[in-house]
Amino acid sequence: MKKFFTLVVMFISILIFAEDVIKIGAIFPLTGPAAATGVKIKYAIEVAQEIINGVYPDIDLDLAKSQGLSNLNGAKIQFIFADHQANPELAMAEAERLIQNEKVVALIGCYHSSATKPASQIAEKYGIPFVAGSSSSAALTERGLKWFFRIAPHDGMETDFFFLYLNYLKEKYGANLSRVAVVYIDNEYGVHASLMVKEKIKKYSGFNLVADIKYPANVTNVDIEVQKIRAAKPDVIIHASYIGDMTMFVKKYKEFNVVPKVVLSFCGGYQDPQFVINLGKDANFFSGTNATTSALFSKMAILAKINQLYKAKSGVDIDGPTLEDFASAMVIAEAINIAKSTDPSKILEILQTQTFSAPYFVSGKIKFGPDGQNLYSASVMTQILDGIYEAVWPEAFQTKEPVPYFPEWNKR
């Protein structure tokens, strides 16, 4: 009898402990072609988990003030990681496994828009909230989904930002910019980014599209693509590429002496600091939107403290896409805490109505519109100058003035 009683007590203790841990699925590319990025995102999610479950009085976030979720008796958050390997079918299968087997109450992910799309459809099927951090395809929030939310600005928002910045260069610096080429990977992310360029360019006078260059997702050589770009003689190249592809293109731009005036990148390869490591001084003068940059740490104390925790794990500073995925982890945990429940419908209501504080973004806040899109873009335009991602626009966040023209390769 005594042995039976002991087993009962142990079983009850296990149940109580299990109820004190709230599982959230986190689907990212932890192996495969984007593994370096996926692993860095994993570090950021782990930092978010530590902030939520611990006490960090020097970080002014509600979830940093007490251990665990204060409205759920200190319940801890546990992010259960899954690897989609940049494979959309695997992302879909992992989403179903996490919901069915791991009993997660929400999902975050998946970096690749092509993986986020099917994974979020599984979440929709089961009525589970899905918060995407850095996936940027405009199509993701155009599907009429009820349970899907996104932190990052979508490609349409980024494209408007690009053309406003180009107009800024024209008006303030007299930059002669009219001929535009769009270069993009053949997947969900790239195709929709290119569609946004083709659509948005029509509303900005003085620009015309001179080249539309699509390349395969498994590309190993971009000679033909770069020769086409060179023949089109664009003033501006707009890229939707990942880190490996972008590195290849820059090396070939140098080899074929392609010297546009401006190169802009959607959220993707350029934003990964590995871009500078891969290319050294050849990375200078490339530009793109970014949710953050190390140059902003001195202006944003909370972001700097989060970066200290992140850098201790990763060995590098937090970058824009990684910070957006960090935000997805914080937002879903805060939504659960405010809801005081793991009931998906109650979490959904909070995601639909709450404005979340985000002092680690230049926008300072996150609020989702009826389509699930964050209404407040966190982006600044950055340009790599002397190996540093400097914030060059808007002027309110400027850490250095932009260089409006690429120097010739032999003058860099």
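Heads up: the structure comes first, above all this text.
What you see as residue numbers is a count from 1 along each chain, following the sequence as written. It should be noted that, the model being predicted, local features are given only for residues of pLDDT at least 70 and side-chain atom pairs only at 80 or more, the latter also being counted only at that level, while totals for whole chains, interfaces and linings use all residues. By convention in this description, side-chain values take in all heavy atoms of the structure and omit both hydrogens and water.

**Some details on the nonpolar core**
Counting residues in hydrophobic clusters, the biggest one holds 124 residues, and the most contacted among them are Phe275 and Tyr360. The element best represented in this core is helix 11 (residues 320–339), accounting for 11 residues. In this description, contact between two residues means that some pair of their heavy atoms is separated by no more than 4.5 Å. In this structure Tyr360 touches Leu61, Met300, Leu303, Ile306, Leu323, Phe326, Ala327, Met330 and Ile366, once residues within four positions along its chain are discounted. Take the buried residues of types Ala, Val, Leu, Ile, Met, Phe, Trp, Tyr and Cys, join any two whose side-chain atoms come within 4.5 Å, and each joined set is a nonpolar core. Each residue gets one of three labels from its accessible area relative to the maximum for its type: buried under 20%, exposed over 50%, partly exposed in between, using a 1.4 Å probe on protein chains only. Within the second largest apolar cluster, 20 residues are counted, among which are Ala95, Val104, Leu140 and Leu145. Note on conventions: DSSP H or I runs of at least 4 residues are helices, E runs of at least 2 residues are strands, and numbering of each starts at the N terminus.

**Structural notes on the environment of Val380**
Mapped onto the elements of the fold, Val380 is located in strand 13 (residues 380–385). Put simply, Val380 and Gly288 are 92 residues apart on the chain and 8.4 Å apart in space, counted from C-alpha to C-alpha. The residues contacting Val380, other than those within four sequence positions of it, are Phe161, Gly288, Thr289, Asn290, Leu296, Val362, Ala391, Trp393, Pro394 and Phe397.

**Considering the sheet that holds strand 13**
DSSP bridges decide pairing: two strands pair if at least two such bridges lie between them. Spatially, 7-6-8-9-10-13-14 is the arrangement adopted by the seven strands of the open sheet, whose pairing is mixed. Sheet topology places strand 7 (208–215) and strand 14 (388–393) at the edges, where each strand pairs with a single neighbour. Direction aside, the axes of adjacent strands within the sheet are offset by 30 degrees on average. An axis is simply a line fitted to the C-alpha atoms; with a helix, the fit covers only the stretch in contact. Between two such axes, the angle follows the N-to-C directions and lies from 0 to 180 degrees.

**As for the side chain of Thr289**
Along the chain, the position of Thr289 falls in strand 10 (residues 287–290). According to the relative accessible area criterion, Thr289 is buried, its value standing at 3%. Leaving out residues up to four positions away in the same chain, Thr289 has contacts with Glu158, Phe161, Phe162, Ser265, Cys267, Gln271, Ser379, Val380 and Met381.

**A closer look at helix 6 (residues 188–200)**
Here helix 6 contains 13 residues, and its C-alpha end-to-end distance of 18 Å stays within 8% of the 18 Å for a straight helix at 1.5 Å per residue. Of all the residues in helix 6, the buried ones are Glu188, Tyr189, Gly190, His192, Ala193, Ser194, Met196, Val197 and Lys200. Tucked into the core, helix 6 has its buried residues touching helix 4 (113–126), helix 5 (155–173), strand 6 (179–185), strand 7 and strand 8 (236–240). In protein, a polar contact requires one atom able to donate a hydrogen and another able to accept it; more generally it is a pair of N or O atoms within 3.5 Å, and residues adjacent in sequence count only if both atoms are side-chain atoms. Between the side-chain oxygen of the N-cap and the backbone nitrogen of Tyr189 there are 3.1 Å, and the N-cap of helix 6 in question is Asn187. Expected helix span is taken as 1.5 Å per residue step, with the number of steps being one fewer than the number of residues.

Function cannot be read off these values alone, since they describe shape.
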